[in-house]
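# A closer look at the structure
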Amino acid sequence: MTNLQPYLRPTSIEPALEALAEGKRTIIAGATDLFPSRGNLSTTIEPILDITAISELSGIQPEGNGWRIGALTTWADIGRSSLPPVFSGLCQAATQIGGIQIQNVATVVGNVCNASPAADGVPPLLTLDASIELRSTETTRVLPLNSFILGNRSTARRPDELVTALLIPKYSTTRESPSRDITPVGGFVKLGARAYLVISIVMVAAVAEIDSDGVIQAAKIAVGACSAVPKRLTQLEVDLVGTSLGKGHDALSRQITADHLKVLSPIDDVRASASYRLSVTPHMISQALLACHSE
Amino acid sequence: MQIDMTVNGRAYSADVEDRTLLVHYLRDHLGLTGTNVGCDTSSCGACTVHIDGQSVKSCTVLAAQVRGADITTIEGMANDEELHPMQEAFRQCHGLQCGYCTPGMVMAATSLLSENPDPSEQEVREGLEGNLCRCTGYHNIVKSVLSVAGGQS
C-alpha cells in the first residue's frame, strides 16, 4: 500500500479500475464527506482515487425502461433535471442537502457510498427501488440498494470495485389489479434543527399513486435516520391502500401505529432521543404523503 | 504534484502537496487572502469561490481536483478601481458588520443571481442558505442582493 501513488485522477474508467485492483484507495468525487471525517488533513492523507475527470460517469440518461444516474451526478444536477414526477422526492431531497455550494459538487452516488444512517438521498432512492452498478477489472455486478448498504458506514463494495451508476427501474405498481393508470408521484420531508446545513433527525420519502378522489391506491414509504440503514415500511405500505388524504394530517398520522414502525430502531444521540424520533415519524410520513398529493 | 489553474483570469502553475485544500492554495500559495476560512468543516460558506462559474466551498475541495479549472475569488470581482455591483450594494446597504462572511456572501450572491437574475426575498434567503453570518446581519445582506437584482432588471 505504501508504494501506491498517493493521488490519481484518471480520465477514463479502465485506469481507475486498474488502480483499484492494485490496492485499496479512498474514492472521491465531490469529496464533501472526506474532509469532515479526516480533520484538517494536517498530517497525511490516504491514497486517493479522484474520479471527477472521468466524463463517462456523468449524466442522467434513460436506459432500458428506466434511468441511469452516473456516479458523477451532483445534487444540483438532480435539482435542475426534468425527471418524471415519481422522482419528485429525490428532487426535493436534492435541494435540502447541505447548501447550494455542497449541492454543486456532492454526488448522489457519494451520498449512498458514504452510507450514513442519515443520508438524505437513501430514503427517496429506496422508494424508487434503485440498484447500484459496481465495476471491477473482472466483473460488473448490480445490487439492489437495500443489499448494497450493510450498516452504518458499511457497504457491499469490494475494495477493487468502483460504483459507476445508480439504476432506477421503470416504476412498478404494487396495486394488485391496476385497472387504470395513475401517475406515481414522489415526496420527501426532512426534520432538522434548522432548515439547511444540518444532519437530519428523521427524514421520510414516499412514492404514491393517489387517485382523483385523493385516495391512496399504492404507496412506497422509506424512513431514514431511525435505523443503521434506512428502511422501507412494507406493512404500512399495504395498510395505507384505500386511505383518503382528504381526512387531513392528524387523522392520517394517527393511522400509523407502533406496529408499522417496529422495523425501525432509532438511537439517542446529540440530535434527538430515540423516543422523539419515533414520535415524530408518523407526522413526517403523513407530510410526505401530502407532499406527493400537492406535487 | 504539479497543478495548473486559472485564477481571476490569470494562469498559475505550482507544485503542491496532494492534500492541499483549494482554500489553502489560494491563500498561502497565491496570497489571495480575501477568501476566508471560517469553520473548516464546509458549514459556514466564508470560503466560497466560483469554480467554472459555480459557487463551491473551497475548504471542501482539493487543489488537485480543480486542475485546469477557472477559479474566481473575491479579488477577481472588482474591476480596477470600480467595485463589482454586488460589492457596491453591500457597501450601500450596510450588508456587513464584522465583514468575515462578506467575501463568501458576495460570491454566493453573484452565483445566485447568475442562475436566477430576479429572485424573490425568499429565494435570496434560500440561495444564501449555505452561508452563515456570525453577526446575524442577514437582513441587510438580503437587502443588498435584492438591490442588485432589482437594479439589473
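Residues numbered from 1 in each chain as written. Chains lettered and ligands numbered in written order. Predicted model: local features only at pLDDT ≥ 70, side-chain atom pairs only at ≥ 80, totals over all residues. Heavy atoms only, no water.

## Thoughts on the overall build of chain B
Counting secondary structure elements, chain B contains 5 helices and 5 strands. In sequence order, the secondary structure elements of chain B are arranged as β-β-α-β-β-β-α-α-α-α. A globule of 153 residues ought to have a C-alpha radius of gyration of about 15 Å, and chain B, at 15 Å, matches this closely. On the principal axes, the C-alpha backbone points of chain B span a range of 45 × 30 × 25 Å. Taking all 153 residues of chain B together, the buried fraction comes to 50%. The contacts of chain B with a sequence gap of at least 6 include a subset with a gap of at least 24, amounting to 57%. Accessible surface, chain B: about 6800 Å² in total, of which carbon and sulfur atoms supply 45%. When the 9 basic and 19 acidic side-chain charges of chain B are each reduced to a single mean position, those positions are 7 Å apart. (Helix = DSSP H or I, 4+ residues; strand = E, 2+ residues; numbered from the N terminus. Rg over C-alpha atoms; globule rule 2.2 N^0.38 Å. Buried < 20%, exposed > 50% of the residue type's maximum accessible area, 1.4 Å probe, protein only. Contact = heavy atoms within 4.5 Å. Areas by Shrake-Rupley, 256 points an atom, 1.4 Å probe, with all protein chains shown as cover. Lys, Arg positive; Asp, Glu negative; His and termini not counted. Charge placed at Lys NZ, Arg CZ, Asp CG, Glu CD.)

## Overview of the nonpolar core
All names here are of chain A. If you look at the biggest cluster of nonpolar residues, it comprises 49 residues, and the most contacted ones within it are Ile51, Leu125 and Leu145. Sorting the residues of this core by element identifies helix H1 (13-22), helix H3 (75-80), helix H4 (88-94), helix H6 (108-114), helix H7 (122-127), strand S6 (131-135), helix H8 (145-148) and strand S10 (162-168) as the ones contributing at least two each. Looking at this core element by element, the count peaks at 5 residues for H1. In this view, Leu125 contacts Leu90, Val108, Val112, Ala130, Leu145, Leu166 and Ile168; residues no more than four positions away in its chain are not counted. (Core = buried A, V, L, I, M, F, W, Y, C linked by side-chain atoms within 4.5 Å.)

## Remarks on the packing of helix H2 (residues 85-92) of chain B against helix H3 (residues 102-115) of chain B
Residues and elements named next belong to chain B. Running from N to C, H2 and H3 point in directions that differ by 125°, and their axes come no closer than 10 Å. Regarding the angle of H2 to H3, the classification is oblique. For the pair H2 and H3, the crossing hand works out as right-handed. For the pair H2 and H3, contact is made by Met86, Gln87 and Phe90 and by Thr102, Met105, Val106, Ala109, Thr110 and Leu113, respectively. When its residues are assigned to classes, the contact of H2 with H3 shows 6 nonpolar, 3 polar and no charged. (Axes fitted to C-alpha atoms, helices over the stretch in contact; angles between N-to-C directions. Parallel < 35°, antiparallel > 145°, perpendicular 65-115°, else oblique. Left-handed = near helix turned anticlockwise from the far one by under 90°. Nonpolar A, V, L, I, M, F, W, Y, C, P; charged D, E, K, R; others polar.)

The values are spatial; any link to function lies outside them.
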